[in-house]
Each structure stands twice: as structure tokens, then as C-alpha cells.
Amino acid sequence: MPTDIYARLRDLAASAEAKPAEMRPVLLRVTTDLFALHTVHTAEEIRLYEEMAGKLIDDADEATLLAVARKLAHCADAPTAILKRIQARGGEPARELLLQDPQIDRGELRRIAFNGACDQASSVAGRRDLDREIVRILTARPEREVARAVAENRAAPLGVEDVKALAGRGRDDPILARALLDRGEPSLDVLPLYLSADRRERSRLLALALEANILRAGRPDAGVVLDEQSAERIEIAATRRKRASFALVLADVLKCDPVIARRIVDDESGDALALTFRAINLPEAAAARIFLIAVPKVALSAEVFDHAMRLIRTVPWRVARRIVEAMIDAPRSEPALFARAHARQPSAEELPTKVGQGERRDSTQDGGGQQRA
């Protein structure tokens, strides 16, 4: 720091006692600005700033303390005593130090991440120097604000399990979902966020699911057969143009939360509904009538309608089921994913084939969709 700055700090310190109380916040800002002109200081400069700031800090309002905290957070040798006094005042200035201050001990950061207040943990979640341990602690916390802060922090080193955990919570939190999707090219770990993804991201997720399905090539993929009663219920509810009733029937068939079913029904692109129809093997003609009568955005565009029907015709049942299971949070070990659906019985030629776990469970059901005892 140039000697003239030190001299100015000394002069300001000498006149601090004579300043009226209303001028002290201004004086604290000016002094901090001078101190923050450089990130490295002599011991005498640190001592002088600490002495002066210590006299002025009690008269500072929150806006002044916030400005001071932001300046000091970038000074590696800022006086510890001043930083602790700002933290003790709490509020936004203290959170700013938690977000930026490099002097905070890693053990203290871990403690705050584990059992600190929600606002404090959210500030820690936004730091640029997080390690995997602290990230795991933060993602395990129940508060939505903390999860969003971790996801929005592009520098946070999220592991696969962290992403999976956050993606599961993002099903019903569009802000969290968008933060995860914005971190980069989507992977299958964020498949539960399909409903929050844009068209490009959905295409990528579908492509990844199709690539993963290649590993099951040669295995039976006829999937479930929706019973006529359920197919009729779905079509009647949809074509009455009562979306709430349509969503309730769909939720009953899918055995999922009606809120999620309503999001599928309200999805204007028709993609989610098309994949759902494919996953339950709703007859193609019934699906076409529903799109033309009950989904105006699809019906009014030949391109969008053709795209939805192409999904129904070309996406393998196993891929559609995987995407829908992720959207509705259906356990992969669920004996029967769909309430009214039943599996076709394998032919004699197929019995020796090593089928997937889902097909083994489906084959234990009778024609009415109920599992045999």
C-alpha cells in the first residue's frame, strides 16, 4: 500500500473521535475502501485499520456493513476481529462473508453446512471453493433454498449421487430443476427432470435413453397391454376437455401423484403425454383422438401432432416406461407400475430368454392386471 494511503488512514483515525455519529458509517466506508485498494498490507496498516474500524462499526447500518463485508471478503489479511464482529451482527453482511471470505476455517464451513441456519447454509452452498464432502452434506439437507443454492453454484463439485438426489427433488421444484439442467449437457441422471426440460434437452434425454436401451437389444419389448376399460376411461376423461378429471384418471392408471399427472396433461408440447401413452400402450387411434380433441397446441400444428404420434410409434416401450417412471417417481422395483395394465404372456420361444426384471414381475400377473397369489 502506498505510504500516502497509510498517512490518510492515520489522519482519518485521528479525526474519528471528532466526527458526529451520523458521519461514522461514511467514515467506515471510506476507510474500508482505502484498505481494500490492495489485497496485501503491512502489519501496521492492518493494526491501524482494525483500530479505526473497531471504533466505527457499532454505528454502522446494515447497508454499510454489507458494503464493508464485500470489500473485506477479498482481502486475505483483513483483520479477523473485524470479520467476527460483522458475523456477530448477522443478516446479509454475515451471509456475504460466509459466501466470500477465504479466511473461514473448513471445519466451520462443514459445521454450518451440517447444522447451521438455512440462510447460513445457503450462503455456504454458493461458495466457489466447496469440496465434495461439504457438497454431500449440503445436498442431504431438507431445505429447498439450500438445494437450489448448491445446484446454481456451477463451481460446486456435484457427484453422481448428489445429482441424482437433487434431480429427484427437482420433480416438484421447477427452480431447482432449471438450475440442474443449466449446469451443462444433460445426462440420464437428470431424467426425472424431463417435464422441466426444454425441447433440445428433451431430445438429448430421449437420445440417451435410446442409447442405453441398445444394451437390451434382442429382448422382448412388447411391454404392457392396457385393458380396454382403462383405455376407455382415459379417452372419455380427456375428450370431455376437463383437464383436472383427465389428470386424475391418468394418475390412477399410473399410480402417481395427481400433481405430476396434471403437469403431464398440461405439457403443451405433447411429448410427455405421448411418451406416457406409449408407456401404458394406449391404442394409437385413441391417442390421436385425444391429441386432436383435448390438446389444442398439438391439434393446431400438423408438425407438433406428427411429432407426438411419431414418438408413440417409434419409441420402444421400455424406453418410454423408463422416462415415465423417472417423471412420476415410480420405484424401479414396483411390482406393477400401472394400476390397470398387465403384461402379455411370453411365448414358448421366449421363455428360455433372459428377460429383464420388469418383465419377470409383469409375467406374474393375470389378465385382469392383478398379481397372482
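Small disclaimer: the values here were computed from a predicted structure and weren't measured.

### Quick notes on helix H17 (residues 271–279)
Turning to step 1, where the next piece is worked out: A large share of H17 lies buried, amounting to nine of its nine residues.
Turning to step 2, where the next piece is worked out: For H17, every residue scored as buried is listed here: Asp271, Ala272, Leu273, Ala274, Leu275, Thr276, Phe277, Arg278 and Ala279.
Turning to step 3, where the next piece is worked out: Downstream of H17 by a residue or two, Asn281 has a phi angle that is positive, lying close to 55°.

### Digging into the environment of Asp162
Turning to step 1, where the next piece is worked out: Note that Asp162 resides in helix H11 (residues 160–170).
Turning to step 2, where the next piece is worked out: In sequence terms Asp162 and Ala140 are 22 residues apart; their C-alpha atoms lie 8.5 Å from each other.
Turning to step 3, where the next piece is worked out: Those residues in contact with Asp162, other than ones at most four positions away along the chain, are Arg132, Val135, Arg136, Thr139 and Pro157.

### Points about the confidence of the model for the chain
Turning to step 1, where the next piece is worked out: Summary statistics for the chain give a mean pLDDT of 83 and a share of 80% for residues scoring 70 or more.
Turning to step 2, where the next piece is worked out: When mean pLDDT is compared element by element in the chain, helix H10 (residues 144–152) scores highest at 97, while helix H22 (residues 357–362) scores lowest at 38.
Turning to step 3, where the next piece is worked out: In this model, residues 332–337 is a region of pLDDT below 50 whose contacts with residues beyond four sequence positions or in other chains number 19 contacts.
Turning to step 4, where the next piece is worked out: Here residues 339–373 is a poorly scored stretch, pLDDT under 50, and it has 63 contacts once near neighbours within four places are set aside; other chains count.

The rules we used
Residues numbered from 1 in each chain as written. Predicted model: local features only at pLDDT ≥ 70, side-chain atom pairs only at ≥ 80, totals over all residues. Heavy atoms only, no water. Buried < 20%, exposed > 50% of the residue type's maximum accessible area, 1.4 Å probe, protein only. Helix = DSSP H or I, 4+ residues; strand = E, 2+ residues; numbered from the N terminus. Contact = heavy atoms within 4.5 Å. pLDDT = per-residue confidence, 0-100.

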